[in-house]
Amino acid sequence: MPNRRDLVVGIAGAAATAILPKALSATSAKSGPDDITLLGDILRTLHPGLYRYQSPSAMERSLEQLSKAWAANADLAERYLHLSRFLATIKCGHSYANFFNQKKSLQASLFDRQTRVPFTFRWLGSQMVVLQDQSGTASLPPGSVVRGINDIPATDILTRLMPYARADGNNDNKRRALLSATGGDEIETFDVFQGLLDHQNDALGDNTPMRTFRLRVRLPGAKTDTIVNLPALTLLQRQSFMRPVDYRGKAPVWQWTMRDDGLAVLRMDGWGLYNSSWDWAGWLNDRLDSLPGAKGLIVDIRENEGGLDCGDLILTRLAGRDIAKPKFGRLVRFVKTPEHLNRYLDTWDDSFRDWSGKIEAKQGRFYRLKQDADSMITPAASKRLNVPMAVLTSAQNSSATFQFAALTKQLRLGTLIGETTGGNQRGINGGAFFFARLPDSGIEFDVPLIGYFPEGKMPDAGITPDIAVAMTAKAIESGDDPQLQAAVQHLLRT
């Protein structure tokens, strides 16, 4: 996701809309537009995917509901929840009130609360399966299934949180993946929304956060549930369990393992290397150069949402030729940002404010951008690889990792093993971004500017693996990795 620390490449655009923008006469005491009037103006004018999954009239109804909720309650947490739920209706994985782009004071107020469950977990379907006990009590071994929290069934918790989770289209597997608190993110989506909603419904009635969780748990091998009472964690306590990874430093952030059976495993948990001083391409080429004679390469991107197109290097080494990226119309909604909006829009590249000279033609309410120089992937002057590849996929894969999985499958350069990806074959929005700040509340939300639209009708879904292998509670309990095992068996048979 784009933020000022690690900018994510995406798509964006906009043109005149079928619905006239609301007049900016409604003003606050600061003689500017109120938050919701400004929000609507920004989205109608700039967002290329605003009507990809909803009609203009449906969007206006949602905006009107948000306006009423906003006016009824000035509490910052309530407004953050209302805004997040509204933005999720756009069904764009790059449009949300980004945790990492909020002002420090707002981050502290909303996210630094002692409301975190004392364990990490993954949603397997509607089951909340424990990955790690972080309570210090050893009460929750891996593979335990948490069936209820504070007398609320886990399935109801998931249902309550799903409308707040960002994803492209109707890819609910991606929403479940984001709502899994696996310990991979400094601020977890589940922690934020579960914490704010618990705060909202606090039995104490005085905005004091709940500090103890009553958990109903089915322990591994048990036939009945156990009740466990455990203390909530703070943000710092949650982060203390994370493996430190510096995506800006010089040290490698990926892991390379050469197995005794002749298979290499490349684990790439992140590609957010925009500001990194690490020569990742050189590091990767050196290891790929060591593969002649190996029986295969396993690329594990299951925890990788996206970032730079680091996977292109692997694909061109395997193909040994230029690779044409899938054809998408690159559409924007505007030529120049209206002057009255510029003061509310931040970005890392001011050229996004003016697409003049980059427009190929007008296309309905969009402007089509000229062909991108990045539409072809050109191999570096390195030797072609001649080893079979398996790619481990999951619903986390969106943006750059979604494209990597799609190209791998389309060009038959490897075998996808695991779970259906995130992202969406109908296209995404990204490439260029504004960070919009609402003046009254101070809440920031990300606005992608380029919409990628495929040629022809595509399914509203991620990329299906060639070999589907689900993770199970039993595998988590035993520490097994059935997806990795399937990749090993597949490559050794190749």
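Residues numbered from 1 in each chain as written. Predicted model: local features only at pLDDT ≥ 70, side-chain atom pairs only at ≥ 80, totals over all residues. Heavy atoms only, no water.

1. With respect to helix H5 (residues 154-161)
- Ala154, Ile157, Leu158 and Leu161 are the residues of H5 that are buried. Relative to the axis of H5, the buried residues are bounded by an arc of 95° and lie together on one face. (Buried < 20%, exposed > 50% of the residue type's maximum accessible area, 1.4 Å probe, protein only. Helix = DSSP H or I, 4+ residues; strand = E, 2+ residues; numbered from the N terminus. Arc of directions from axis to C-beta.)

2. Quick notes on the confidence of the model for the chain
- Within the chain, residue pLDDT values average 91, and 90% of them lie at 70 or more.
- Low pLDDT (under 50) marks residues 1-29, which in the prediction has 124 contacts with non-local residues, meaning those over four places away or in another chain.
- In the model, residues 202-208 has pLDDT below 50 throughout and makes 6 contacts with residues more than four positions away in sequence or in other chains. (pLDDT = per-residue confidence, 0-100. Contact = heavy atoms within 4.5 Å.)

3. Focus on the sheet that holds strand E17 (residues 415-418)
- In spatial order, the strands read E7-E8-E9-E16-E17-E20; together these 6 strands make up an open sheet with mixed pairing. The outermost strands of the open sheet, each flanked by one partner alone, are strand E7 (255-258) and strand E20 (467-468).
- Here strand E16 (residues 389-393) runs beside E17; their pairing, made up of 4 bridges, is parallel. Considered in E17, the bridge of Val391 is made with Leu416.
- Set on the sheet, helix H9 (residues 280-289) makes contact with E7, strand E8 (263-267) and strand E9 (296-300); between it and E7 the angle comes to about 10°. (Pairing = 2+ DSSP bridges. Axes fitted to C-alpha atoms, helices over the stretch in contact; angles between N-to-C directions.)

4. Here we look at the sheet that holds strand E11 (residues 328-332)
- Across the sheet, 6 strands lie side by side as E12-E18-E19-E11-E14-E13; this open sheet has antiparallel pairing. Unpaired on one side and paired on the other, strand E12 (345-346) and strand E13 (359-363) mark the two borders of the sheet.
- One ladder, built from 2 bridges, connects E12 with strand E18 (residues 429-437); its direction is antiparallel. Its bridge partner being in E18, Asp346 is matched across the sheet by Phe435.
- Its contacts with the sheet put helix H1 (residues 35-46) on E12, E18 and strand E19 (444-454), and the angle it makes with E19 is roughly 20°.

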